[in-house]
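Summary of the model geometry
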Amino acid sequence: MSFNWPEIPFTGEEVEEFVDEYKIVAEELYYNYPYDSVDLLTPYVNKSALKKYLEYGLIYAAFIVKQRAGNFGPGTNFDLNNSPYSPTDAMDTPEKRKKIMENLGCVFDNGQMIVSWQDNKENDPSLDPYEELSPQDKPWIGPVSDLLDAFTNPGDDCGGFYAKYDNLNNNPPVDADGPLWSVILNLGEKILGFLGGASGYLSVQLLRRYLEGTGGVFTENSYWGLASKSGVKAEIKSHINFWKKNTFVVQPLESGLTASATWRTYYGLSESDVVFQVRFANNFTLASCFGTATVVLSGDPVFGDFEVKRLIDDYDFFYGWEVVRSYIGTDFEGTPINDLSITSGSNRKSTGNKTGPCEPNTTVCTAIGREGIHWAIRYPVAGSFGPGCYDKWEDHPNAQNSGKPFSININFANI
Amino acid sequence: MIKTTYLHALNYLNLSVEENTSLGIGAGSTISIGSSLSFFDIFKFRDPMDIAPTGFLSQSGFTTITEALLNGIGYFPSLDDENFHVSPNTVQGAMASVAKAMLVAILDDNGKRSTTVGIGSSRGKAETVINTLKFDSKRNYNAAPYNTWRNSVGIITPTSISRSNNVAIVTTTPAHGLSTAFDDWGIVMKLNTGIATSFNISTSIYPNGVPIKIINANTFAYKNIGINTLTTSVTGTADVRVGWGGTSINLHLYYT
């Protein structure tokens, strides 16, 4: 999917050099530069949206260079005849012009029309040919709006969410965390289903399994809820295909020829299989499922088509519980987890490392480690654990309700 | 297919969407309806001083709920996603923020007053873009653009100040020395006592200060909301900053 660069209506040596470099940097950023999208402010995490920003932002960036250069030609000193838009692709059909008129409210008063423009765009997305967001159409909107204050203003001790939840339900404070995260997950399943399809549904199912403390190994035969197995498999393949030439995202680990006998046996590797470590950081719903995982493919994706045969991971959280693997014998990701290998996550350790000493004064908010943004999605895990830090899972006074990691070993070969 | 309202936003049509009243930045928009529909519009950066990216900008309605939810879970939809309607203001603000990030990454001198493509690899420039767009606690403040963007470029000494209709007028002694060849000056006002402190600028809200308009060699003005105040002698300093520009970054648009 290549860039659709706009025509630049400004001229001059400075502008031309800038535009050339802009396109090179944009393509490096979009196609080659690996980064953790979760570190970005939310409006920038979606790569396809980021691509649009890069494409459309070029004209204004070039305009600033033109203004600074101050040389002769279109773009300098506000000559309206040099406007880059006349007409635009936003106004080039009767339907699009009608949209503008609708948003303006057709009051034919300059001030009123500007107010209407802003209000209509904000309040009534149905003016676009898409379904209106209403409580009837999307029942999760109502409960979510009730909880928004707590989502966005958790307070220093993250207690605001509980208070809001209790007020909503007119109940005394709850002792167990189950009902609270259950509410969030029920909402989340609807939301993430809309957002991410198969992997969106699976992400909620995996989180529910963690919070229910089921433990064990999640496989292709486990309960997948509303998630389609073939859909998840297709999403993983699509992600790998996009990033296959980027070794930061799709990093070769082993092949069927070089893997240890233990690996070959445990994962059923054939000689032609290849094993990659795959980061899903640029894919919100897959990242919510797996983060970084080991994936077995039928062949190297750089050299041709391939099949996703197996995915291996440990499902744990640095703001909840984490698993420490010894990598001795069969103690590696995807194999059953010994409870004694479960320890508090690295955000609860004084050194920031899961093998480091516990920081007992850890609060839920410090464990979450985010400033408002991305807060809600981490709350069920960090909140169910509660404050504090424990070297072993069984040391937690309410271990069974504090969440529990499990391993993931999905054989996609027959899906 | 991308939503029409987003297309308008990405084509800079805003009708004062980018207006930032707290900074005194207003766009001049005119609509003309005769035998055809015409717009005269101006696009400029919402914050003409700083480099930090904008977040969600919706202010009312279901869009606000949607955006708060998306912010809570850290997800942003594709612009052609039919299930979520984020504000066109958000889309336009994000585009402008990316344009800023590209300018500082590509031009030398951290993108300030420069038209020269800087040396360095495209990988390094891409890294600067990403660092610009990170949220606060994830930024590398020892790397571009944050390592130098908010640097002071001088200190001037206000000796008196007044406020009328939310505009502060500052007199300096000696002359402030700011060249009128540039309209990208800004200040962080740090006055010492009494009512004078109501003129101060918080860097937690405006990390690179607020834009000023130079009146003459000894006076300048800036937007400052508060009660009308007669000219008052003051002590303190004004920390001078450089941003993107005033009217020189107004992209005048004519849609018809």
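Quick caveat: nothing in here was measured; it's all calculated off a predicted structure.

Points about the overall build of chain B
Helix and strand counts for chain B come out as four helices and twelve strands. Split into buried and exposed, the 256 residues of chain B put 50% on the buried side. Across chain B, the fraction of contacts at a sequence separation of at least 24, relative to all contacts at a separation of at least 6, is 68%.

Quick word on the domain arrangement of chain A
Residue and element names in this part refer to chain A. For chain A, the assigned domains read domain 1 (13-123) and domain 2 (191-411). With eight residues of domain 1 at the interface, the matching set in domain 2 holds eight residues. Broken down by class, the residue content of the side of domain 1 that touches domain 2 amounts to three nonpolar, three polar and two charged.

Section: the domain arrangement of chain B
A common way to state how big an interface is: give the accessible area lost once the parts meet. Residues and elements named next belong to chain B. When the domains of chain B are assigned, the result is domain 1 (4-148 + 247-255) and domain 2 (154-242). Between domain 1 and domain 2, the contact holds ten residues from the first and twelve residues from the second. Classifying every residue of the side of domain 1 that touches domain 2 by side-chain character gives four nonpolar, three polar and three charged.

Focus on the nonpolar core
Tyr60(A), Ala61(A), Ala62(A) and Met102(B) are the most contacted members of the largest nonpolar core, which has 130 residues in total. Per-element accounting of this core gives the leading share, 14 residues, to helix H2 (residues 47-69) of chain A. Not counting residues up to four positions away in its chain, the partners in contact with Tyr60(A) are Tyr12(B), Phe43(B), Ala96(B), Ala99(B) and Leu251(B). In this structure, Trp185(B), Val188(B), Met189(B) and Val242(B) belong to the second largest nonpolar core, which totals 20 residues.

Regarding the sheet that holds strand S8 (residues 213-216) of chain B
Residues and elements named next belong to chain B. Taken in spatial order, the five strands line up as S8-S9-S5-S4-S10 in an open sheet, and their pairing is antiparallel. Each of the sheet's edge strands pairs with one partner strand only, and the pair in question is S8 and strand S10 (229-233). On average, each strand axis in the sheet is tilted by 20° relative to the strand beside it, whichever way the strands run. Where strand S4 (residues 158-164) meets strand S5 (residues 167-172), six bridges bridge the pair, whose relative direction is antiparallel. Bridging across to S5, Ser162 finds its partner in Ile169.

So, helix H1 (residues 13-32) of chain A
For an α-helix, the turn length of 3.6 residues means that residues three or four places apart are oriented alike. The terminal C-alpha atoms of H1(A) lie 28 Å apart, and with 20 residues this matches the ideal 28 Å at 1.5 Å per residue to within 8%. Along H1(A), the residues that are buried comprise Glu14(A), Val15(A), Phe18(A), Val19(A), Tyr22(A), Val25(A), Ala26(A) and Leu29(A). Looking straight down H1(A), one finds its buried side chains confined to an arc of 135°; they lie on one side. Across from the buried face of H1(A), at angles greater than 90 degrees, the exposed residues are Glu13(A) and Asp20(A). On the buried face of H1(A), the contacting elements are H2 of chain A together with helix H3 (88-106) and helix H4 (122-133) of chain B.

Describing the packing of H1(A) against H3(B)
H3(B) packs onto H1(A) with a crossing angle of 105° between their chain directions and a minimal axis gap of 10 Å. The angle between H1(A) and H3(B) falls in the class roughly perpendicular. For the pair H1(A) and H3(B), contact is made by Phe18(A), Glu21(A), Tyr22(A) and Val25(A) and by Met102(B), Ala105(B) and Ile106(B), respectively.

A word on the pairing of S10(B)
Residues and elements named next belong to chain B. By the criterion of burial, S10 is predominantly exposed, with just zero of the five residues buried. Pairing of S4 with S10 involves three bridges; the strand directions are antiparallel. Bridge pairing in S10 places Arg163 opposite Thr229.

Observations regarding H3(B)
Helix length check: H3(B), at 19 residues, gives a terminal C-alpha distance of 27 Å against a target of 27 Å (1.5 Å per residue), a fit within 8%. Most of H3(B) sits inside the fold, with 19 of its 19 residues counted as buried.

Let's talk about the environment of Thr193(B)
All names here are of chain B. When you line up the elements, Thr193 lands in the loop between strand S6 (185-191) and strand S7 (210-211). In this structure Thr193 comes out as exposed when scored by C-beta crowding, with 9 C-beta atoms within 10 Å. The spacing of Thr193 and Phe182 is eleven residues in sequence and 31 Å in space, taken between C-alpha atoms.

A short note on the sheet that holds strand S3 (residues 154-156) of chain B
Residue and element names in this part refer to chain B. Reading across the sheet, the four strands line up as S3-S11-S6-S7 and stay open at both edges, with antiparallel pairing between neighbours. Edge positions in the sheet fall to S3 and S7, since each of these pairs with one other strand and no more. Bridging between S6 and S7 involves two bridges; their strand directions are antiparallel. Note on S7: the bridge partner recorded for Ile187 is Val210.

Description of the environment of Val188(B)
Residue and element names in this part refer to chain B. Position of Val188 relative to the elements: it lies in strand S6. By C-beta crowding, Val188 is classed as buried, having 21 other C-beta atoms within 10 Å. Among all residues touching Val188, those that are not within four sequence positions of it are Ile201, Thr203, Gly209, Asp239 and Arg241.

Some thoughts on unusual backbone geometry
Residue and element names in this part refer to chain B. Of note, the bond from Ala144 into Pro145 is cis; its omega dihedral lies within 30 degrees of zero at 0°. Mapped onto the elements of the fold, Pro145 is located in the loop between H4 and S3. Of note, the bond from Thr173 into Pro174 is cis; its omega dihedral lies within 30 degrees of zero at 0°. The residue Pro174 is located in the loop between S5 and S6 in this model. Phi at Asn110 takes a positive value of approximately 60°, unusual for a residue other than glycine. Of note in this structure, Arg113 is not a glycine but carries a positive phi near 55°. One can find Arg113 in the loop between H3 and H4.

Digging into the packing of H2(A) against H3(B)
Packing of H2(A) against H3(B) brings their axes to within 8 Å, and their N-to-C directions diverge by 60°. Classified by the angle between their axes, H2(A) and H3(B) sit oblique to one another. Between H2(A) and H3(B) the crossing geometry is right-handed. Facing H2(A), whose interface residues are Tyr53(A), Leu54(A), Tyr56(A), Gly57(A), Tyr60(A), Ala61(A) and Ile64(A), H3(B) presents Ala94(B), Met95(B), Ala96(B), Val98(B), Ala99(B), Met102(B) and Leu103(B). The class makeup of the residues in the contact of H2(A) with H3(B) is 13 nonpolar, one polar and no charged.

The rules behind the values
- Residues numbered from 1 in each chain as written.
- Chains lettered and ligands numbered in written order.
- Predicted model: local features only at pLDDT ≥ 70, side-chain atom pairs only at ≥ 80, totals over all residues.
- Helix = DSSP H or I, 4+ residues; strand = E, 2+ residues; numbered from the N terminus.
- Buried ≥ 20, exposed ≤ 12 C-beta atoms within 10 Å, placed from the backbone.
- Contact = placed C-beta atoms within 7 Å.
- Domains from an automatic or database assignment.
- Nonpolar A, V, L, I, M, F, W, Y, C, P; charged D, E, K, R; others polar.
- Core = buried A, V, L, I, M, F, W, Y, C linked by C-beta atoms within 7 Å.
- Pairing = 2+ DSSP bridges.
- Axes fitted to C-alpha atoms, helices over the stretch in contact; angles between N-to-C directions.
- Expected span 1.5 Å × (residues − 1).
- Arc of directions from axis to C-beta.
- Parallel < 35°, antiparallel > 145°, perpendicular 65-115°, else oblique.
- Left-handed = near helix turned anticlockwise from the far one by under 90°.

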